[in-house]
Amino acid sequence: MTTSSDSLSPVHPTAASGFETGAPVYRQGRPDYPAQTQAWLADSMGIDGNSTVIDLGAGTGKFLPQLLTLTSQVHAVEPSSAMLEQLRQQFPQVNAHQASAASLPFEDHSIDAVICAQSFHWFANQQSLDEIARVLKPNGKLGLIWNSRDDSVDWVARMVQLINTYENDTPRHQSGEWKKVLEDSIFSLKDQTIFHHEHQGSVQDVIINRALSTSFIAQLDENQQHHFLDELKILLFPDIKLDDKEAIIRVPYRTHAYAFEKMPQD
């Protein structure tokens, strides 16, 4: 077997609509990843200058700077054309592919590591996991990483609770459902860690744009989004004043990182 066909397999409808319409806001509102991620990629994921890596579900390229400091052999894979356009504008040097996790355009056993940053919950199914296993070299690594708001802080918890009321059946990291496909698979968990960091910026970016970049919020119509922001304004007051959109604030985050290794098969 070489590469798979039908590179644009079905994508969850919330992701398809939300990320197509919200790509520019996604790039502005999403936090970067903490400095500790570099050591995790090198030590737990074994990525160095000789590694060929896939950033799977790359979105607008938020995770690419972390990878490009370690290796130039990076492939970005993203099914959304709008997200991919943002990525290509920011990282013209990266090989970018419009494809889904269920049908990767790479040769068998050609990739050292696959990184899913803020994405694996969207395609946590057997077809995608088989594809990842197919392209990885023996003992290749699968890295899963998510930035999540730290809801141990009271006002952050209130914001998260409101956002969660809109999620319906949207796949999310917080549900833990994505773990099921990895149970009894050929992937063995080698490392699991949590990093703490902050997203600092204007209220417009780190509160409003971040909230509007959430897939199921992004797909709301304009009136519904205004209603959501009105609710958020009331809920966060007086801790955060959404009217002062230029105010600089810090939002606490936890970064959850998991390193898996493809185990030898009999």
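Residues numbered from 1 in each chain as written. Predicted model: local features only at pLDDT ≥ 70, side-chain atom pairs only at ≥ 80, totals over all residues. Heavy atoms only, no water.

### Description of the nonpolar core
This is how it is decided: In these notes, a set of buried Ala, Val, Leu, Ile, Met, Phe, Trp, Tyr and Cys residues joined through side-chain atoms within 4.5 Å is what counts as a nonpolar core. Note on classification: 1.4 Å probe, protein chains only; a residue is buried when its accessible area is under 20% of the maximum for its type, exposed when over 50%, partly exposed between these limits. Secondary structure follows DSSP: runs of H or I at least 4 residues long count as helices, runs of E at least 2 residues long count as strands, and numbering of each begins at the N terminus. Whether two residues touch is decided by their heavy atoms; if any such pair falls within 4.5 Å, the residues are in contact.
In terms of nonpolar packing, the biggest core is built from 27 residues, with Leu56, Val114, Phe120, Leu142, Leu144 and Leu182 touching the most fellow members. Elements with a contribution of two residues or more to this core: β1 (53-56), β4 (111-117), α6 (126-135), β5 (136-149) and β7 (248-262). Non-local contacts of Leu144, meaning those with residues more than four positions away in its chain, are made with Trp40, Cys116, Phe120, Trp178, Leu182, His256, Ala257, Tyr258 and Phe260. Formed by 25 residues, the second largest nonpolar core is a distinct cluster that contains Trp155, Val160, Leu162 and Leu236.

### Side note on the packing of helix α7 (residues 154-164) against helix α10 (residues 222-236)
Stated formally: Comment: axis = line fitted to C-alpha atoms, over the contacting stretch for helices; angle = value between 0 and 180 degrees taken between N-to-C directions. Angular relationships are summarised with four words: roughly parallel below 35 degrees, roughly antiparallel beyond 145, roughly perpendicular across 65 to 115, and oblique for the angles in between. Crossing chirality is assigned from the near helix's rotation relative to the far helix, an anticlockwise turn below a right angle marking it left-handed and a clockwise turn marking it right-handed. We call Asp, Glu, Lys and Arg charged. Ala, Val, Leu, Ile, Met, Phe, Trp, Tyr, Cys and Pro are nonpolar, and the rest, Gly among them, are polar.
Between α7 and α10, the shortest axis-to-axis distance is 10 Å and the interhelical angle comes to 155 degrees. Relative to α10, α7 is oriented roughly antiparallel. Here α7 runs over α10; the crossing is right-handed. Mapping the contact onto sequence places Trp155, Arg158, Met159, Leu162 and Ile163 in α7 and Phe228, Glu231, Leu232, Leu235 and Leu236 in α10. When the residues that make up the contact of α7 with α10 are grouped by side-chain class, the tally is eight nonpolar, no polar and two charged.

### So, the environment of Glu261
Applied cut-off: Distance and chemistry together define a polar contact, namely a pair of N or O atoms within 3.5 Å, with one atom able to donate a hydrogen and the other to accept it when in protein, and with adjacent residues in sequence counting only for side-chain atoms on both sides.
Considering the arrangement of structural elements, one finds Glu261 in strand β7. According to the relative accessible area criterion, Glu261 is buried, its value standing at 16%. Sequence separation between Glu261 and Pro138 is 123 residues, and the spatial gap between their C-alpha atoms is 8.9 Å. With near-sequence residues (within four places) excluded, Glu261 lies in contact with Asn139, Gly140, Lys141, Ile186, Phe187, Ser188 and Lys190. At 2.9 Å, the side chain of Glu261 forms a polar contact with the side chain of Asn139.

### Some remarks on the pattern of salt bridges
Counted only if it meets this: One speaks of a salt bridge when a side-chain nitrogen belonging to Lys or Arg is within 4 Å of a carboxyl oxygen belonging to Asp or Glu.
Throughout the structure, instances matching the rule amount to twelve salt bridges. Close ionic contact of Asp154 with Arg158 constitutes a salt bridge, the shortest N to O distance being 2.4 Å. You can see Asp154 and its partner Arg158 sitting in helix α7, four residues apart, about one turn around the helix. Its relative accessible area of 53% is what places Asp154 among the exposed residues. Judged by its relative accessible area of 18%, Arg158 falls in the buried class. A salt bridge links Asp243 to Lys233; the shortest N-O distance between them is 2.9 Å. Of the two residues, Asp243 sits in the loop between α10 and β7 while Lys233 sits in helix α10, which places them ten residues apart along the sequence. Residue classification places Asp243 among the exposed positions, given a relative accessible area of 58%. Via salt bridges that share partners, Asp108, Glu131 and Arg134 belong to a single interconnected network.

### Describing the packing of aromatic side chains
Under the convention used in this document: In this scheme Phe, Tyr and Trp rings, the latter by its six-membered ring, pair at centre separations within 6.5 Å, and the angle between planes marks the pair as stacked below 30 degrees, edge-to-face above 60, and tilted otherwise.
Taken as a whole and assessed by the stated rule, the structure comprises seven aromatic pairs. Ring plane angle 80 degrees and centroid distance 6.0 Å describe the contact between Trp146 and Tyr258, whose orientation is recorded as edge-to-face. Taken together, the residues Trp146 in strand β5 and Tyr258 in strand β7 connect sequence positions 112 residues apart. With centroids separated by 5.4 Å and ring planes inclined at 85 degrees, the aromatic side chains of Tyr166 and Phe228 adopt a geometry described as edge-to-face. Of the two residues, Tyr166 is situated in the loop between α7 and β6 (187-202) and Phe228 in helix α10; the sequence distance between them amounts to 62 residues. Following the ring pairs from residue to residue traces out a cluster consisting of Phe120, Phe123, Trp146, Trp178 and Tyr258.

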